[in-house]
Amino acid sequence: MIRKAACAAAGAILALSSVQATAAPDQPAADLTRVLIQGCLADPSPAAVAKLAAAVGATPYPEAQTRNVLAQHGSTTIPDIRTPGTVDRTETEMVAYQGWALPGPGGGGLAYREQRIRRVTIEQATDEPLDDLRVTLSRACIVETRARSGRAVFAAYEALHGGDYGALITADRKDIIIFRFSPDAYDIELDISLDAPLAGTRPGIERNGPSRLVLQDGGPRFISSVTPGVQTVTLTRAALLEGLDRPATIGFGNTAVAAVATPAPTPPPKPVASP
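Residues numbered from 1 in each chain as written. Predicted model: local features only at pLDDT ≥ 70, side-chain atom pairs only at ≥ 80, totals over all residues. Heavy atoms only, no water.

Caption draft 1: Expanded view of the overall build of the protein chain. Regarding its fold elements, the protein chain presents 6 helices and 12 strands. Per-residue burial for the protein chain yields a buried fraction of 42% across its 275 residues. Contacts in the protein chain between residues far apart in sequence, at least 24 positions, make up 68% of those at least 6 positions apart. Summed over its atoms, the accessible surface of the protein chain is roughly 14300 Å², and 55% of this surface lies on carbon and sulfur atoms. (Helix = DSSP H or I, 4+ residues; strand = E, 2+ residues; numbered from the N terminus. Buried < 20%, exposed > 50% of the residue type's maximum accessible area, 1.4 Å probe, protein only. Contact = heavy atoms within 4.5 Å. Areas by Shrake-Rupley, 256 points an atom, 1.4 Å probe, with all protein chains shown as cover.)

Caption draft 2: Here's a closer look at the pattern of salt bridges. Counted by the stated rule, this structure contains 8 salt bridges. Residue arginine 67 pairs with glutamate 63 through a salt bridge whose shortest N-O separation is 3.8 Å. Separated by 4 residues within a single helix, arginine 67 and glutamate 63 lie in helix 4 (residues 63-70), roughly one turn from each other. Assigned by exposure class, arginine 67 and glutamate 63 land together as exposed. Residues joined in a network through salt bridges with shared partners are Glu93, Arg116 and Arg118. (Salt bridge = Lys/Arg side-chain N within 4 Å of Asp/Glu carboxyl O.)

Caption draft 3: Spotlight on the pairing of strand 8 (residues 175-182). For strand 8, a buried count of 6 out of 8 residues is recorded, marking the element as mostly surrounded by other parts of the structure. Looking at chain direction, strand 7 (residues 166-169) and strand 8 are connected through 4 bridges and run antiparallel. Residue pairing across strands places isoleucine 169 opposite isoleucine 176, the latter belonging to strand 8. (Pairing = 2+ DSSP bridges.)

Caption draft 4: Here's a closer look at helix 3 (residues 46-55). All of the buried residues along helix 3 are Val49, Leu52 and Ala53. The buried residues of helix 3 occupy an angular sector of 100° when projected down its axis, which confines them to one face. Set apart from the buried face of helix 3 by more than 90 degrees, the exposed residues are Ala47, Lys51, Ala54 and Ala55. Positive backbone phi, approximately 75°, marks glycine 57, located one or two places after helix 3. (Arc of directions from axis to C-beta.)

Honestly, it's all geometry; don't read function into it.
Rendered as structure tokens:
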């Protein structure tokens, strides 16, 4: 999941600008956010995101800023709690990037990002790999902007797709992440970041990332089932909607993921028999 869930582990780089631009007089901010999310839900590609940028009147980032992002690479090492003494190592290489500053009082940015991600599990003591290198290529459409109402954005997102979704909430209770996720296929996240903790919740002490948000009456599309042992925060749907009904920073990302075949290791040369 994009920023708070999976991309942090993958070393993803958002690099979205907060450049302010003149508002388009015939395009209210709420409508603009909906158009951006709807456009990003399409299969991410450079052409599709460029077309979306043109449709909303976004302005390309300076070339120097684009070069800066393209030069960035990430590497993370995270202990594998399932197998003591091992760690998961992830290296991220930026393959393609283009960003645009959004119009309107909310400002923010729209971007297309393509990354090559290499993952391997290694033995911590020896730094030796324990499995084959796994390589994936991700293509993402990313939006970041301000909205007058996180509730309105959440409602628009629910109306734009028919899939099941789950939710996470950070320990400070300010970020609610709505996710749809399938390993090595797609990662779609709507991050609603409030200026204050969500009403009706208490700050948590989580150390292993966000907790699952469970809605007692979330409806048939809301995934409330949680693996035993996972930290949870339980609310009613009405309480969630009321808490989201305030200004928020909106992050949305649709990432398509595909495995990349890695070449088989070259076998060592056979010894030549002595004459």
